[in-house]
Amino acid sequence: SSSSSSSSSSSSSSSNTGSSSSESIFGRFWSWTTQQRPHWRESPTEAAVLFVVFGLTGSTSVALVRPCFKSITGIDGTMKDGPWSYRIGSLLLVSPVYACVLITFGTLSGRHTYFAKMGSKILGRFVPSPVGKHIKCPPAKAKEGATAAPSSSASATPKAD
C-alpha cells in the first residue's frame, strides 16, 4: 500500500507541475510587486521609478482618451482653444482612465501597493463611497494590513542607523 501511495503522490506532483509553475510565476511576481519598499525620499531609485511611472501614465492616459472622446462624442478641440464641452468632458474622462493606467503601470514596475493606493484615491472621487472601499485588490489590502503594524518600528530602525 505504501508503494501505491508513493506512486500516486509522484503522479499527482507531476500532473500539478504545469499549473504550479504558472502559479509560481504569478505568485513570485505578485510577491515582488507588493513587497514593502523604502520611501521615495530615502531612495533615489524609488524616486526615479515613481517619477517615470507618473510621467508615462499622464502621457498614456491623454493619448488614450483624446481619440476615444472625439470618436464617441464627435467633439474636437484642445484644452487651450476649447470648446468648453471638450475641456470638461476630457477632464472628466482622463481622471478615471489615468487612475487605471497608473495602477497598471505601477504594478508592472513592481510598486503595486503604492500605486493601488494612489489610484484608489483618484477613483474614489468618481465612484460612490461604498464602491470606493472595494477598489483595491484583496492581496494588496492584506499585505498593507500585515505591514501596517511593524512599519512604525521598521521606520524607526533605519533612522537609528
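Residues numbered from 1 in each chain as written. Predicted model: local features only at pLDDT ≥ 70, side-chain atom pairs only at ≥ 80, totals over all residues. Heavy atoms only, no water.

Participant: Is there a simple way to think about the packing of aromatic side chains in this case?
Facilitator: Working definition: an aromatic ring pair is given by the centre-to-centre distance plus the angle between the planes. The final tally for this structure, using the stated rule, is six aromatic pairs. Ring geometry for Trp40 versus Phe51: centroids 5.9 Å apart, planes at 65 degrees, classification edge-to-face. Linking Trp40 in the loop between helix H1 (2-33) and helix H2 (44-73) with Phe51 in helix H2, this pair joins segments that are 11 residues apart in sequence. We classify Trp40 as partly exposed; its relative accessible area is 30%. Owing to a relative accessible area of 53%, Phe51 belongs among the exposed residues under this scheme. With centroids separated by 5.3 Å and ring planes inclined at 65 degrees, the aromatic side chains of Phe54 and Phe115 adopt a geometry described as edge-to-face. One end of the pair, Phe54, is in helix H2; the other, Phe115, is in helix H4 (residues 112-124), with 61 residues separating them in the sequence. Since its relative accessible area comes to 25%, Phe54 is described here as partly exposed. Cluster of aromatic residues (ring-pair linked, three or more members): Phe54, Tyr114 and Phe115. The side chain of Arg87 reaches across the aromatic face of Trp84, ending 4.4 Å from its centre. (Phe/Tyr/Trp six-rings, centres within 6.5 Å; stacked < 30°, edge-to-face > 60°. Helix = DSSP H or I, 4+ residues; strand = E, 2+ residues; numbered from the N terminus. Buried < 20%, exposed > 50% of the residue type's maximum accessible area, 1.4 Å probe, protein only. Lys NZ or Arg CZ within 6 Å of the ring centre and 35° of its normal.)

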